[in-house]
Structures are given as structure tokens and as C-alpha cells.
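Here is how the chains run, residue by residue.
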Amino acid sequence: MTPPVGRFAPTPSGRMHLGNVFAALIAWLSVKSWGGSLLLRMEDLDTQRTSPELGEVLRQDLLWLGLPWDEETPPQSRRTAAYEQAFGKLQDRGLLYPCYCTRSQLHSVNAPHRSDGTYVYPGTCRGLSDRERAAFQRKPAWRLLVPDREYRVADLGQGEYVQNLSSGCGDFVVRRADGVFVYQLAVTVDDGDFGVTQVVRGVDLLGSAPRQMYLQDLLGYAHPEYGHVPLLTARDGRRLSKRDKDLDLGRLRLTHRPEALVGWLAWQAGLLPRQEAISPRELAEEFSWEKLKKQEICVDLADLLG
């Protein structure tokens, strides 16, 4: 087996919380257990919420945890030309069209939704005439036409996942009305250009994999291997998030050694039979996706704080 090239791609908008740390740990363990390498990429497309200073804090936190990267690729804010080129290829093939739908229209109760509440774009703007488009007098977002086709993901963490692009998401946005390229296009181009062969991230992004596989097909990139890890939740069912300041590393570094934190996470996730301090390098020797829990991991934050 060729050693994989993985990546960890945080958004430098705040301190990593426990869920971010968990995703970074599994991404690192997975590639290192197979003798691979890990790239670091700052996903700073939204320059209003991100900053280079927070990026440096993220780097220092990863090093403190014992999760060094092998190479850092350019941040997304410096990759606009690459995204423009990909956008142009899709446009030249007639696969893009302008969309004038508002957020309220997309999320209205009358709009099509999947069982999980995610809206499915019904193609409202797909067949508009030039006259109809001109009547809006505002800049549009740009959507990618999707086929009535199933994509199957042989996911390392969740098993087989199947999504029909037409009924599962509909035509999706690749560029916002303000000109900013969106997540789906940017990460596909970044992963493809830098040779990423293994993508490990939270299970909340599993539904994005078929869209990115479709973009990979259109842009001539190989499909990477995917592994989606369970989310960490508090006892009240909340997802741990930056917004809620749930045990970010600024707090945890004051009270824990990195080996203790890594060992606690590994025990919670099923990678260790008991709670014990351990370094990521030691843990990589025993790592297996088969051990990792598939469902949400409910953590007792009071237990972690002692």
C-alpha cells in the first residue's frame, strides 16, 4: 500500500475546542499508522472571521498536542487564482448557472428538504431566460448542475454511504454572490492540487463527499479515501463548538498535559481500553479504524475537568 497523504484543515477563527482536537488527532493517527504524511492548510476563505494570528495559535496548539505536520500548504486566501481556473473550466462546459434565490426562499417550509432537515435545491433558477435574470438587478450566486447519479463512499469510519446528487442535494453553489468561492469547490481544488489521498474529518461533512467526488470527476482529480469521525457532544446533547467555548485549548492547556488529554480522548473514542496518558506517536502504533466508535461520543466535561 502506498503511504497516504492526509491533511488537517482548520479554520483560523478561534481556539480549537475538544471536537477539533479529536478530528485532528484521528487524521494524524490514521496517516501515521500507515507511514504516511500530513499536510496543514488554513481554511481562511472567510477573511472577515479569520486572521493570521489565530492561525499561529492553531499551529502552536497542534505542536503542544504532539501533532506535527509534514508540510503546510498555502492558505485558501492565497489560492483564488486556482479556484478561478477551476470555475472557468466548469463554466466553459456549460455546467454553471446564476442563482438569485434568497436565503429565506431556500430555507422556507415549502422548499424541498431531506429527512435530516437539509434543503434540496429544486432548480428554481436553472431555466431562467436572460430577460428574467436581468430583472433581478443584483449579483447572483453560481450553481453547478448535478446529474441524477449515485455516488458511493466507502468510508473508513462510517461504512458505505450513498447519495443521489439530484435528490440528495440538488444543484449546489460553488461561488457566492459576493464572489467568494465556497467550501465544496475550494477544498476539492486544494486536495487535488496538493495530492491529498486521505480526507479525515467530522461526520457532519459526510454529505459533502459525493459533491466533492463529482467535482473531482469534472476537474480531473482522483478520488481520495474518506474517513468521517463521530462528533463529540456534551451530556445535554449539544455539539461541542467554538461558539460555546467548550473546553478550548486555551483553558485545557492550563490544567492538562498533552499526553493526558490525548489518552482521555482515545479512551472516550474506543481506541484505548482504559484512561491513561499516552502520546500520539505511541497511540499510532495501535491505531485501527475498527476500534473507533461510529456513533456520537457523549463526553462528560465535568469528568475531564476532574
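In case you missed it, the structure is sitting above this.
I will try to describe carefully the structure that is included in this document. (Residues numbered from 1 in each chain as written. Predicted model: local features only at pLDDT ≥ 70, side-chain atom pairs only at ≥ 80, totals over all residues. Heavy atoms only, no water.)

**Some thoughts on helix α7 (residues 183-193)**
Here is step 1: Of all 11 residues that make up α7, eight are buried, and the element is covered over most of its length.
Here is step 2: Three or more residues of α7 are buried, namely Gln184, Leu185, Ala186, Val187, Thr188, Val189, Asp190 and Asp191.
Here is step 3: Buried-residue contacts for α7 involve β1 (5-8), α3 (80-92), β8 (172-175), β9 (198-202) and α8 (209-219).
Here is step 4: Positioned one or two residues after α7, Gly195 has a phi angle of 70°, which is positive. (Buried < 20%, exposed > 50% of the residue type's maximum accessible area, 1.4 Å probe, protein only. Helix = DSSP H or I, 4+ residues; strand = E, 2+ residues; numbered from the N terminus. Contact = heavy atoms within 4.5 Å.)

**Regarding unusual backbone geometry**
Excluding glycine, a negative phi dihedral is what most residues carry, and trans is how most peptide bonds are arranged.
Here is step 1: Look at Gln137: it is not a glycine, yet its phi comes out positive at around 55°.
Here is step 2: Mapped onto the elements of the fold, Gln137 is located in the loop between α5 (130-134) and β5 (141-144).
Here is step 3: Judged by its relative accessible area of 75%, Gln137 is exposed.

**Section: the side chain of Asp190**
Here is step 1: Structurally, Asp190 can be placed in helix α7.
Here is step 2: Residue class for Asp190 comes out buried when judged on its relative accessible area of 0%.
Here is step 3: Apart from residues no more than four positions distant in its own chain, Asp190 is found in contact with Arg41, Gln76, Arg79 and Tyr83.

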